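Residue strings, one per chain:
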Amino acid sequence: MSMTAAAVEHDKTIDAPFEGLGKDQLLDAYKLMKTSRLLDAKMLVLLKQGKSFFHIGCMGHEAVQVAATVALEQGRDWAYPYYRGQALCLGMGMKPYECLLSFLAKGDDPNSGGRQMPQHYGHKDLNIPSQSSPTGTQFLQAVGCALASKRNFAKQKNGARAGGLEVTVVTAGDGTTSQGDFHEALNWAAREKAPVVFLIEDNGYAISVPVRDQTPGGKVVHLGRGYDNLESVEVDGCDFLKSYRVLKKAVERARRGDGPTLVVGDVVRLLPHSSSDDQRKYRPEGELTEDKARDPVEQMRSVVKKATGMSDQDLDKLDEQLKAEVDAEAERAEAAPSADRSTALDWVLSDTPEPAEVDPTPDGGEVVLVDAINRALAEELARDERVLVFGEDVAGKKGGVFTATRGLTDRFGEDRVFNSPLAESSIIGVAIGMAVRGLRPVPEIQFGDYIWTAMMQIRNELSTMRYRSNNAFSCPVVVRVPVGGYIHGALCHSQNIESYFAHIPGLKIAHPSTALDAYGLLKAAIRGDDPVLFLEHKGLYRQNHAKSVLPAGTDWVLPFGKGIVRQEGEDITVVTYGALVQRTIQASKKLEDDGISVEVVDIRTINPVDWALIEQSVKKTGKVMVAHEDTRFGGFGGELAAEIGERCFEHLDGPVRRLGAADSPVPFNWDLEEEVLPQIDGIAQALRDLANW
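Predicted model only: the values in this text are computed from it and were never measured.

Colleague: I would appreciate a short explanation of the overall build of the protein chain in the present structure.
Modeller: Across its full length, the protein chain holds 23 helices and 22 strands. By the compact-globule yardstick of 26 Å for 693 residues, the protein chain fits well, its C-alpha radius of gyration being 29 Å. By principal-axis analysis of the C-alpha atoms, the protein chain measures approximately 100 × 55 × 45 Å. Taking all 693 residues of the protein chain together, 59% fall into the buried category.

Rendered as C-alpha cells:
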C-alpha cells in the first residue's frame, strides 16, 4: 500500500482465528465490554432515580473501543476519547467506580471533580487528557499530543528507542467529521507523519441526522482521500477481532513513524443519542432490531465461548458477578462525598504566585518594541528547551510579517521555531495538545482580526483545561497576537480584540505599551503556568516613544497585574493601555496651560487588573476617564468604568467617563480612519469636559 497517498481498505478477513490473542486476553476484553454495558444500564437506573441528570451511552460501540486499548500500551500511549468512550476508558485503566463518581458528580471524580457533565473523560494517571463538550476540538489537540511524542522520541538516546513512538488515539462519531477541525487535524498529522490514529465510530447518526446527510456518499472513510502519508481503513466495529486487527496495524504503523491512520468503525447505537433524546422520532421502524442483531457484546460472548470453551452457564455466572460488582461500586459512589462548595472557584488559574516585582538594571541602548519581543523569545528558547515558537510565516529569514521572530529559526533550529499551516484553530488546538504534554508552546496568530476561527479552541478548551480537570492538567500556552489600528489597515487589519477575551475566565491577557513592558511580560507569560493572550500593538512595534532600554542579563520579568503611573497628576486620572497611553500623555499636555493636571495609569495587563493602583490614583484625583482604542460601546473600558464606580464611589467628584473609538469598523482611507479612532484632540476635549464637571 502506498505510503504517500490515502488508501481505502475494507477489512473483511481474519488472518488467524483469534488474531494471536490468548484466552485470558479475550476474556479480559469481554469483561471490559460487558462492564461498560452494565455501567450504562446502571446509570440509566440512577438517572430515573434522580441521582444524576444526564447520560450518553456507549452501548453498541464497545468492541472497537476495547480493541483499540488492546492494541495500545497502557501507561505509555495516549487517548482522546469522545463522550461515548466509556469502554475505551475502561480499557485504558479507568475503574467502574471512577466512571460512577463522574456520573454522580462527586468530589473525588478523577475526570473533573464533578465540574463537567458525565462522560466528559479525563484521567491524568491514564494518559487521558481532559475532554470537554465541543465536538471535534479533540482532533487537533491529539495531533499536538502526538507531535510531543515525536519530540520525546527524538530526544531519546539510540539505546532507548527500540520501543518506538508513543501513540495517540483520538475518537469521535461520524457527525463530528463534518467539523473543520477534523480536516485540519488530518492535514497537520499527515504533513508531519504524526503517530496518531483517528478512530471514527460511525453509528449512522449525528444525533438525528443520518450520515448520508452529513457526508458525501455517506462514506466517512472517503474523507481521508487526498492526504499524503494518511491511510484510511474501514472495519466492522461490532467485531472485536476484525477491529483489533485493523487497529493493531494502525498503532504499529504510527509507532514506527510511518504516519497516521483514519480508521472508520461501522458500529451500532443501541441507545438514543443521550438521555435527552427520543430516537423513535427519526429512526425507521425495525432498524433498531437490525442493530441489536449486531450487538458487539453478544458477538464477543460467542468468541469467548469458542476460544475458552466456557459454556453459556459459565458466562451467565460471570455476567452476574460483573453486575454485582457494578452494583456495589454504584453504592460506594453514591456514598462518596460531593465536592466541597468552597472549592467552586478553585483552579480557574494556577496557584503559582506572580514573580516579585523588581526594578530592572538597564543595559545598552534603546530598542523598539518588536525587537524587545524578539529578544524575549530568544532568551526563553535558550533557557528552556520545552519552549516552541510556531505560526504562519514565523520561520526562516522572514521571521513573521512584523519580523518579531527574525533569526530564531537559524539560532534554535526548525524543530523549535517553525511554520504552521495557515489555520488558526490548528495553531491553537495543536498548541493545547503540546502543552498538556509539558511543552511550552508560544504560537503566533498573524493578525488579531483572524483569531476568530480559533475561538472554540481558546474559549472552551485552552482557558478551561485546568478548571475542568480539577487541576489535573494545565495548559500554559502563550498566544502572541498583533492587534490594533492607526496603520491604515482597514476593517480586517485594525481590530482590537481584548474585550471579547477579557470575558473568558482562566485566560490571562497582556497589552504592553513599551518595549520594556513587552519584554518583561512576555518572559513572565512563558515562565508562568497559565494560558496567556499576549496582545502586541502593531502601531507600537517601531514607534520611538515605545522604545526602552532593556535589562542586563536574562532573568528580569514583569509580573502580571502590576500597572504603572506613566505621568503624575492631581486633577484627573486616565486609566488606559496600549496605543492610548502615549496619545493620552500628549493630549494632557494641551491642558497644562489651563492648570489641569492629568495622571495617566497604564494597566499593562487586562487580566489581572491592578485595582489597587487605580483606586490609589482615583482617591487622589477624584475624577477618572477610561480610554481605549476599541469601540466605546461594549469595550473593555465599560467594565473598568463599572468596577471603578463600585470600588471608588465615595471618592468620585464626577461621573466615570469613557473614551473609545466610534462604534464603527475602521475604514482604510486615512482621513476616515482618523474620524473613527481616538485622536489627541478628541482626548484633550474629553478631559476638559470632565475637568469642568
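Further notes follow.
Colleague: Honestly, the packing of aromatic side chains in this entry has me stumped. Any pointers?
Modeller: The geometry of an aromatic ring pair is captured by two quantities: the separation of the ring centres and the angle between the planes. Under the criterion given, the structure shown has 16 aromatic pairs. Ring plane angle 90° and centroid distance 6.5 Å describe the contact between Phe182 and Phe198, whose orientation is recorded as edge-to-face. Placement of the pair is Phe182 in helix 6 (residues 180-192) and Phe198 in strand 4 (residues 196-202), with a sequence separation of 16 residues. Phe198 carries the same exposure label as Phe182, and that label is buried. Where Phe402 meets Tyr541, the ring centres are 5.2 Å apart and the plane angle is 45°; that geometry is what we call tilted. With Phe402 in the loop between strand 10 (387-391) and helix 13 (408-412) and Tyr541 in the loop between strand 15 (532-537) and strand 16 (548-551), this pair connects stretches of sequence that are 139 residues apart. Classification of Tyr541 by relative accessible area gives buried; the value is 2%.

Colleague: So what exactly am I meant to see when it comes to the confidence of the model for the protein chain here?
Modeller: When pLDDT is low, close inspection of the predicted coordinates is not appropriate. Put simply, the protein chain has an average pLDDT of 95, and 97% of its residues get 70 or more. Below a pLDDT of 50 lies the segment residues 1-15, which in the model reaches 44 contacts outside its immediate sequence neighbourhood of four places, other chains included.

Colleague: Looking at this model, I keep getting lost on the sheet that holds strand 19 (residues 598-602). Mind explaining?
Modeller: Across a sheet, paired strands are connected by hydrogen bonds in the backbone, their directions being either parallel or antiparallel. Read from one edge of the open sheet, 5 strands run 17-19-18-21-22, paired in mixed fashion. Both edges of this open sheet fall to strand 17 (564-567) and strand 22 (657-661), since each of them pairs with a single strand only. Each strand axis lies, on average, 25° off the axis of its neighbour in the sheet, ignoring direction. The pairing of strand 18 (residues 572-576) with strand 19 spans 5 bridges and is parallel. When the bridges of strand 19 are listed, Val575 appears paired with Val601.

Colleague: I would appreciate a short explanation of the nonpolar core in the present structure.
Modeller: In globular proteins that are soluble, nonpolar side chains generally tend to be buried together. Phe198 and Leu533 are the most contacted members of the largest nonpolar core, which totals 79 residues. Not counting residues within four places of it along the chain, the set of residues in contact with Phe198 comprises Phe139, Val143, Val170, Ala185, Leu186, Ala189, Pro260, Thr261, Leu262 and Val263. Counting residues in each nonpolar core, the second largest holds 64 residues, with Leu39, Leu247, Val251 and Ala333 among its members.

Colleague: So what exactly am I meant to see when it comes to the packing of helix 4 (residues 96-103) against helix 11 (residues 312-335) here?
Modeller: Working note: a packed helix pair is described by the angle between its axes plus the distance between those axes. Between helix 4 and helix 11, whose axes approach to 9 Å, the crossing angle comes to 45°. Our classification of the angle between helix 4 and helix 11 gives oblique. Judged by the sense of rotation from one axis to the other, the crossing of helix 4 with helix 11 is right-handed. Residues Tyr97, Leu100 and Leu101 of helix 4 pack against Val326, Glu329, Ala330, Arg332 and Ala333 of helix 11.

The rules behind each value
- All chains use their own residue numbering, which begins from 1 and follows the written sequence.
- It should be noted that, the model being predicted, local features are given only for residues of pLDDT at least 70 and side-chain atom pairs only at 80 or more, the latter also being counted only at that level, while totals for whole chains, interfaces and linings use all residues.
- Processing note: side-chain calculations cover all non-hydrogen atoms of the structure and skip hydrogens and water entirely.
- For the purposes of this entry, the term helix denotes a DSSP run of H or I that reaches at least four residues, the term strand denotes a run of E that reaches at least two, and both are numbered from the N terminus.
- All radius of gyration figures rest on C-alpha atoms, and the globule criterion is 2.2 Å times the number of residues raised to 0.38.
- Partly exposed residues are those whose accessible area sits between 20% and 50% of the maximum for their type, while under 20% is buried and over 50% is exposed, using a 1.4 Å probe and protein chains only.
- Ring pairs are drawn from Phe, Tyr and Trp, using the six-membered ring of Trp, whenever the two centres fall within 6.5 Å, and their geometry is named by plane angle: stacked under 30 degrees, edge-to-face over 60, tilted for the rest.
- You can read pLDDT as the predictor saying how much it trusts each residue, on a scale of 0 to 100.
- We call two residues in contact when some of their heavy atoms are within 4.5 Å.
- We call two strands paired when DSSP finds no fewer than two bridges between them.
- Orientation is described by lines fitted to C-alpha atoms, with helices fitted over the stretch in contact, and by angles between N-to-C directions that extend from 0 to 180 degrees.
- In this text, buried Ala, Val, Leu, Ile, Met, Phe, Trp, Tyr and Cys residues form a nonpolar core when linked through side-chain atoms within 4.5 Å.
- Roughly parallel means an angle under 35 degrees; roughly antiparallel means over 145; roughly perpendicular covers 65 to 115; every other angle is labelled oblique.
- By the definition used in this description, the sense in which the near helix is turned from the far one sets the handedness, with an anticlockwise turn below a right angle giving left-handed and a clockwise turn giving right-handed.

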